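# Observations on the three-dimensional arrangement
As a plain string of letters, each chain reads:
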Amino acid sequence: MPHFDHVLAVTMVISCIWGIVVLSLGLYMRFNFGQMVSAQLEGIEKFDLRSCKNSASQSVCPVTSMVPNNFNLGNWVKVITNYVVLTGSLVTVYSIIGTIGALKHNVPMITMFLLISLVATGFQFYLVQVATSEENGIHQTAKSQLKNTLNHDYRIEGPHDIVKVMNTIHILMDCCGIDSVRDFKNLTFLEKDPNSKAHHFRYFATPPSCCKQRFYFCTSCPRATYDNLLDCAVKGPVAIENINTRGCYSVMYEHVKNTSGLITLSLLLFIIVWEMLQMMLGILEIFVPSMTEEPPPPPPPTPKIMIEPPKVDFGKPVFQTFVPYARPSSVQQVDLDKIKSTEIW
């Protein structure tokens, strides 16, 4: 009979290694999300942003290429990173349990491995859905939370990191807002006059960073002036030809999907197939006996039973006292022919 003890144990050791890798990746994402966002914002330095500043050195589209790790985009980030951490933890745990169970051929431990592996596979299917479909519920939750953040924290000269990050994404990705240019509210700008102490408000229909970069963020563009940029922001969707209309969430999702999505998806699918093969080996390990097990001893020979005839009790034998019998013969002469055997003469 075939045996699967060592094959299953080797696959478990491999799974334990990448379980630790996935767990480490999830923890890195959880506590270094700002660095991951910063990696997507590289290249903003190549743009000429002189048109963003007025004579008082105020910028209507401040940008950044460095995002702090405590940058808060909503709870959806924690949800995704927690799924990754939980998946890595489950893979590591079931690998250790499965390795011990396979080497000792311990059926309860192998059964536990099968149950935990099934749960981990379910989490991985969910991550595959997140990576392949923008219609997944977590994406809708992310959009809702990001829009709420924009409404509360986005200001033209706001101190929040979300202002600089969104402006940078607008310019780099040719997009605006989360879903569209209409995601912003109450866009006001207190403009200073360097020649006097007067200040006056400007009301924008869209952030200036949503204006198309080929018009406003280049060195040789004739329209790349501060006044033209403000005019674009004030008109907003009225002059739709000057505005980026695509939502940034979809643009960023496609960007990440095109750059690293294929590798991530392939890795997840490979792990799922690998785990299914491990579960098959675990089932075989439970139901197919191992060659390393000693065969059971043969049953003892059946003893031969001798059938004896039943004993019949005839009782005690009856003995009589022998009494010799003889009498004198009546024959007068010795004549042996006439004398009887019971007579004496």
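Residues numbered from 1 in each chain as written. Predicted model: local features only at pLDDT ≥ 70, side-chain atom pairs only at ≥ 80, totals over all residues. Heavy atoms only, no water.

Turning our attention to the environment of glutamine 40. Among the structural elements, glutamine 40 can be located in helix H2 (residues 33-40). The partly exposed category is assigned to glutamine 40, whose relative accessible area is 27%. When the C-alpha positions of glutamine 40 and threonine 168 are compared, they lie 9.9 Å apart, and in sequence the two are 128 residues distant. Contact partners of glutamine 40, with chain neighbours within four places excluded, come to Leu172, Met173, Met252 and His255. (Helix = DSSP H or I, 4+ residues; strand = E, 2+ residues; numbered from the N terminus. Buried < 20%, exposed > 50% of the residue type's maximum accessible area, 1.4 Å probe, protein only. Contact = heavy atoms within 4.5 Å.)

Before going further, it helps to examine the nonpolar core. In this structure, Val60, Leu73, Tyr154, Ile169, Phe217 and Leu229 are the most contacted members of the largest nonpolar core, which totals 52 residues. Counting only elements with at least two residues in this core, the list comes to H2, helix H3 (75-104), helix H5 (137-153), helix H6 (161-173), strand S1 (187-192), helix H7 (213-216), helix H8 (226-235) and helix H9 (248-287). A per-element tally of this core places H6 first, with eight residues. Beyond its immediate sequence surroundings of up to four residues, valine 60 is in contact with Cys52, Ile156, Phe189, Pro208, Tyr226, Leu229 and Leu230. Core analysis: the next-biggest nonpolar cluster, separate from the first, contains 18 residues, Met12, Tyr94, Ala120 and Leu281 among them. (Core = buried A, V, L, I, M, F, W, Y, C linked by side-chain atoms within 4.5 Å.)

Moving on to the packing of helix H1 (residues 5-31) against H9. Interhelical geometry of H1 versus H9 gives an angle of 150 degrees and a closest axis separation of 10 Å. Between H1 and H9, the crossing angle belongs to the class labelled roughly antiparallel. At the point where H1 passes H9, the crossing takes the left-handed sense. Residues Asp5, Val7, Leu8, Thr11, Met12, Ile14, Ser15 and Trp18 of H1 pack against Phe270, Ile271, Trp274, Gln278, Leu281, Gly282 and Glu285 of H9. In the contact of H1 with H9, the residues fall into nine nonpolar, four polar and two charged. (Axes fitted to C-alpha atoms, helices over the stretch in contact; angles between N-to-C directions. Parallel < 35°, antiparallel > 145°, perpendicular 65-115°, else oblique. Left-handed = near helix turned anticlockwise from the far one by under 90°. Nonpolar A, V, L, I, M, F, W, Y, C, P; charged D, E, K, R; others polar.)

Covalently bonding the sulfur atom of one cysteine to the sulfur atom of another cysteine gives a disulfide. Scanning the model with the defined rule gives four disulfides in all. Between the sulfur atoms of cysteine 52 and its disulfide mate cysteine 61 the distance is 2.0 Å. One disulfide, between cysteine 52 and cysteine 61, carries an S-S torsion of -95 degrees and so falls in the left-handed class. Comparing cysteine 52 with cysteine 61 shows no difference in burial state: the two are buried. Across a sulfur-sulfur distance of 2.0 Å, cysteine 176 and cysteine 210 are joined as a disulfide pair. (Disulfide = S-S within 2.5 Å.)

In this structure's numbering, the residues bearing the UniProt feature "transmembrane region" (unreviewed entry) are residues 6-28, 83-103, 109-128 and 262-288. With 100% helix and 0% strand, residues 6-28 has its two end C-alpha atoms placed 33 Å apart. Helix makes up 100% of residues 109-128 and strand makes up 0%, while its end C-alpha atoms are separated by 28 Å. (UniProt positions renumbered as here; feature names shortened; annotations may be inferred.)

Time to look at the pattern of salt bridges. One pass over the structure, following the stated rule, counts seven salt bridges. Between lysine 147 and aspartate 179 there is a salt bridge, with the nearest N and O atoms lying 2.6 Å from each other. Here the residue lysine 147 occupies a position in helix H5, and aspartate 179 occupies one in the loop between H6 and S1, the gap between them amounting to 32 residues. Residue arginine 202 pairs with glutamate 191 through a salt bridge whose shortest N-O separation is 2.5 Å. Of this pair, arginine 202 sits in strand S2 (residues 199-204) while glutamate 191 sits in strand S1, placing them eleven residues apart in sequence. (Salt bridge = Lys/Arg side-chain N within 4 Å of Asp/Glu carboxyl O.)

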